[in-house]
Amino acid sequence: MASGRDQLDEPVSEADPEPGPGSGPRQAGRPRSRVVWHTGVVLVFALAGALFLTARDTANGQGDIRPDRGAQLSDVIRAQNTHNQQLTEQVATQRADQDALTRAQSADARVKAVQDQVDALSGPVALTPVSGSALAVTLNDAPPNAQPAAGAPAAQPDWLIIHQQDVQAVVNALWAGGATGIQLMDQRLAPTSAVRCVGNTLLLQGRVYSPPYVITAVGDPTKLRASLLAAPAVQTYLEYVSAYGLGWDVKARDRVTLPGYTGPLDVSFASVAP
């Protein structure tokens, strides 16, 4: 293990040694130890200069010695979210073009028969818009300074945010209440739609959303509300609303129009419902 000080080089005599018998002429130049010392000094000064320039650029905001990886990740998510939305719009455009080309061949009886079957199934699979009275449900995280209600235990962090099962509970209750169409945020739900949460964000059909989450269901508002409040999972959620201030808002709408589902329909196995 080296000590705090470097070991000194052996002293070097400046006098040239006497040439031995048969030796050639002496070579002029610096002794080896002085060359090494001079090179080391140059490297130290160069390194010091580089550090000085780096510190100056960082102080002027031109560099970042500790980049914000969280900000970089959020930028990637936003960019991918925008890209996925653009792809969804392209799929919708191509589907509309395909539909127009197919209908242009309606003179063919076989094509028309198949198209009639497609039209009959478009409603159940949410490919066509649906209009009518509706119920809108909004779920939100508890406020940062939320305090538990009297008698409630101290809140755990997971108790103060919306989870996947909360969104699923509302969606399932609305379907059970006779909803003819449901939209989550700005996307229509299809039979193949899956609600997933990653952390405290919602992942739906390739796009990411943050709370508050708005769920709109077309149907009889009275029946939808009754089904919602009768669902056991929703009742559990409402207990946390009362105890810790989770967001909960239910409003009836006179008339809304939900757009048709525009995403891909990836189905491995399917059968026509009776």
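Structure report, in brief. (Residues numbered from 1 in each chain as written. Predicted model: local features only at pLDDT ≥ 70, side-chain atom pairs only at ≥ 80, totals over all residues. Heavy atoms only, no water.)

## Section: the overall build of the chain
- Per the secondary structure count, the chain includes six helices and eight strands.
- Of all 274 residues assigned to the chain, the portion counted as buried reaches 23%.
- At a minimum sequence separation of 6, the contacts of the chain that also span at least 24 residues come to 74%.
- In the structure as shown, the chain presents an accessible area of about 19000 Å², 57% of it carried by carbon and sulfur atoms. (Helix = DSSP H or I, 4+ residues; strand = E, 2+ residues; numbered from the N terminus. Buried < 20%, exposed > 50% of the residue type's maximum accessible area, 1.4 Å probe, protein only. Contact = heavy atoms within 4.5 Å. Areas by Shrake-Rupley, 256 points an atom, 1.4 Å probe, with all protein chains shown as cover.)

## What to know about the side chain of S227
- With respect to the secondary-structure elements, S227 resides in helix α5 (residues 221–230).
- Residue classification places S227 among the buried residues on the basis of a relative accessible area of 17%.
- At 3.3 Å, the side chain of S227 and the backbone nitrogen of G177 are in polar contact. (Polar contact = N/O pair within 3.5 Å; in protein donor to acceptor, adjacent residues only side chain to side chain.)

## Re the pairing of strand β5 (residues 201–204)
- Burial of the side chains of β5 is restricted to one face: L202 and L204 are buried, whereas none of T201 and L203 on the reverse face is.
- As paired strands, strand β4 (residues 196–198) and β5 are joined by three bridges and run antiparallel to one another. For C197, the partnering residue across the bridge sits in β5 and is L202.
- Hairpin connection, β4 to β5: the antiparallel pair is bridged by two residues, and G199 has positive phi, about 65°.
- Where β5 and strand β6 (residues 207–209) come together, three bridges link them in antiparallel fashion. Paired with L204 across the two strands is R207, which belongs to β6.
- Here β5 hands over to β6 after two residues, with Q205 in that stretch at a positive phi of 55°. (Pairing = 2+ DSSP bridges.)

## Focus on unusual backbone geometry
- Across the junction of P211 and P212, the peptide omega takes the value 10°, indicating a cis bond.
- Here P212 lies in the loop between β6 and β7 (213–218).
- In this structure, A126 takes a positive phi of about 70° despite not being glycine.
- Inspection of the secondary structure puts A126 in the loop between α3 (109–122) and β1 (130–140).
- A positive phi angle is found at M185, which is not glycine, with a value near 55°.
- Structurally, M185 can be placed in the loop between β2 (181–184) and β3 (187–188).

## Let's talk about the sheet that holds β5
- In spatial order, the strands read β4-β5-β6; together these three strands make up an open sheet with antiparallel pairing. Whereas interior strands pair on both sides, the edge strands pair on one side only; in this sheet they are β4 and β6. Strand-to-strand twist across the sheet, computed as the mean angle between neighbouring axes with direction ignored, equals 35°. (Axes fitted to C-alpha atoms, helices over the stretch in contact; angles between N-to-C directions.)

## Quick look at the packing of aromatic side chains
- Taken as a whole and assessed by the stated rule, the structure comprises four aromatic pairs.
- With a centroid separation of 6.0 Å and an interplanar angle of 75°, the aromatic rings of W159 and Y240 are classed as edge-to-face. Here W159, found in the loop between β1 and α4 (164–176), pairs with Y240, found in helix α6 (residues 232–244); they are 81 residues apart in sequence, far enough to count as distant.
- Note on Y237 and W248: the rings are 5.8 Å apart at their centroids and 55° apart in plane angle, and the pair reads as tilted. In this pair, Y237 is assigned in helix α6 and W248 in strand β8 (residues 247–258), connecting sequence segments 11 residues apart.
- What makes Y237 buried here is its relative accessible area of 5%.
- Exposure remark for W248: the relative accessible area of 24% places this residue in the partly exposed category.
- Of the aromatic side chains, those joined through ring pairs into one cluster are W159, Y240 and Y244. (Phe/Tyr/Trp six-rings, centres within 6.5 Å; stacked < 30°, edge-to-face > 60°.)

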